[in-house]
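The residues making up each chain are set out below.
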Amino acid sequence: MVARMSSWRDAALREMGLGPIWHLRGRESEHSLVAEPIRSVAAGGFGIGCTAPPALPPMAEPPVRVSAPQASQPALVPPRVPAGAGARVQAPATAEGAPPPVAGRSERAARIAALDWDALESDIRACQACVLCERRKQAVPGVGDRQANWMLVGEGPGAEEDQRGEPFVGQAGRLLDNMLAALGLARGRDVYIANAVKCRPPHNRTPERSEVAACLPYLDRQIELVQPRLLVALGRPAAQALLDRELAISAARGKRFERRGIPVVVTYHPAYLLRNPQDKAKAWEDLCFARRLMAETAR
Ligand code: URA
């Protein structure tokens, strides 16, 4: 068992092109790719230049499956294909302790739910529904294949995204691109990337729940238009936005949740992985799990 685990791990790391851990030299290198290999990766690392694995390595251990009752919730979209095997954790229709509904919110949500892509992106760019509009350079709607099977959801734009108007174009984005490459995917090719909030929170603070709630109709409309077969929540705020509940990533990993009929997988945010490279192997496990779910939905 130990041998199998270690050979799986080695194979996975090799297939991701994961040689050395890339250790950043101090804060000044945070926004550059100047990196220093310090040791071989026992714990994994989506190294710079990692290549797509030819085949998905088997998981060392089966993922945890959680039985939960199916909540009755109107489907945002009918899933393209029947949901795969395994018990599901259904997001409740409303969050316990969620912020009280804002007056006119449901009318706004209904209006957004009817927008086409162009109107949706214009609406996002002009949005003033929360305080995040006050200090943004620009809103960042999303990027990628509008008919993607994979939809990744991050937290919110950072400084570079705010500047360029595209999600995940900073250092975390480069790691995300490597994570996608390890799956044989690429930004814009069968992947759509969006954020829970479309405007940069000042000083990259975590978005407030009210800000996430104000932006959720946009995310829901993006999901409805893309109709992905799988949603991947990158980090806690994204997971909480998609699942309408408080959760810890460590507890939610390896489980199959749903947002209105679409499977949701939760993993670490790439920015967290840059700070905690020892957890990159867990993120790879999560991506393997996601890819397996994706294969199940195709059956
Ligand atoms: N982090 C995010 O969550 N989203 C981005 O677009 C960039 C960094």
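Scroll up to find the structure this text is about.
From a predicted model like this one, the values you see are computed outputs, not experimental measurements.

Engineer: I'd like to hear about the packing of aromatic side chains, residue by residue, with values.
Structural biologist: One pass over the structure, following the stated rule, counts two aromatic pairs. Consider the rings of W117 and Y192, whose centres lie 5.4 Å apart with planes at 45°: the pair is tilted. Of this pair, W117 sits in helix α3 (residues 117-126) while Y192 sits in strand β6 (residues 191-195), placing them 75 residues apart in sequence. Take W117 and Y192: they sit in the same class, and that class is buried. Between Y268 and Y272, the aromatic rings sit 4.8 Å apart at their centres with planes inclined by 15°, giving stacked as the arrangement. Accessibility expressed as a relative area gives 7% for Y268, which makes it buried. Look at Y272 and you get partly exposed, because its relative accessible area is 23%.

Engineer: Give a detailed account of helix α10 (residues 280-297), specifying residues and quantitative values.
Structural biologist: Side chains that are three or four residues apart share a direction in an α-helix, a result of its 3.6 residues per turn. Here α10 contains 18 residues, and its C-alpha end-to-end distance of 26 Å stays within 8% of the 26 Å for a straight helix at 1.5 Å per residue. Summarising burial for α10: 13 of the 18 residues are buried, a large majority.

Engineer: So what's going on with the site of the ligand? Which residues, and what values?
Structural biologist: Within the structure, the ligand sits among G154, E155, G156, P157, E161, P167, F168, N195 and H269. Within the contact set of the ligand, a nitrogen atom lies 2.8 Å away from a side-chain nitrogen or oxygen of N195. In the environment of the ligand, an oxygen atom lies 2.7 Å from a nitrogen or oxygen atom belonging to the side chain of H269. Considering the ligand on its own, with 230 Å² of exposed area, one finds that the protein chains cover 92% of that surface. Its residues assigned to classes, the shell around the ligand shows three nonpolar, four polar and two charged.

Engineer: Which residues make up the pairing of strand β5 (residues 150-154), and what are the values?
Structural biologist: Along β5, five of the five residues are buried, which leaves the element largely enclosed by surrounding structure. A two-sided burial pattern is seen for β5, the buried positions comprising W150, L152 and G154 on one face and M151 and V153 on the other. Judged from the five bridges that link them, β5 and β6 form a sheet pairing that is parallel. Looking across to β6, one finds that W150 is bridged to V191.

Engineer: If you had to explain the environment of C199 to someone new, which residues and values would you point to?
Structural biologist: Take C199: it is sitting in the loop between β6 and α6 (209-226). Owing to a relative accessible area of 8%, C199 belongs among the buried residues under this scheme. Excluding residues within four positions of it along the chain, C199 makes contact with L132, R136, A139 and P157.

Cut-offs used in this document
- In every chain, residue numbers begin from 1 and rise along the written sequence.
- Restriction of local features to residues with pLDDT of at least 70 applies here, the model being predicted, together with a cutoff of 80 or more for giving and counting side-chain atom pairs; totals for whole chains, interfaces and linings are based on all residues.
- The side-chain quantities take in all heavy atoms of the structure and omit both hydrogens and water.
- Pairing of aromatic side chains requires ring centres within 6.5 Å, counting the rings of Phe and Tyr and the six-membered ring of Trp. Pairs whose planes differ by under 30 degrees are stacked, by over 60 edge-to-face, and all others tilted.
- The numbering of helices and of strands both runs from the N terminus, where a helix is a DSSP run of H or I of at least 4 residues and a strand a run of E of at least 2.
- Here's how the labels work: a residue is buried when its accessible area is under 20% of the maximum for its type, exposed when over 50%, partly exposed in between, all with a 1.4 Å probe on protein chains only.
- Helices are assigned an expected span. That span is 1.5 Å times one less than the residue count.
- For this purpose, a residue is taken to be near a molecule or strand whenever a single non-hydrogen atom of the residue falls within 4 Å of it.
- In protein, a polar contact requires one atom able to donate a hydrogen and another able to accept it; more generally it is a pair of N or O atoms within 3.5 Å, and residues adjacent in sequence count only if both atoms are side-chain atoms.
- Exposure was quantified through the Shrake-Rupley algorithm and a 1.4 Å probe, taking into account, for residues, occlusion by the shown protein chains and nothing else.
- Note that Gly is not counted as nonpolar here; it falls among the polar residues with everything else outside the nonpolar set of Ala, Val, Leu, Ile, Met, Phe, Trp, Tyr, Cys and Pro and the charged set of Asp, Glu, Lys and Arg.
- Two strands pair if DSSP finds at least two bridges between them.
- We call two residues contacting when some pair of their heavy atoms lies within 4.5 Å.

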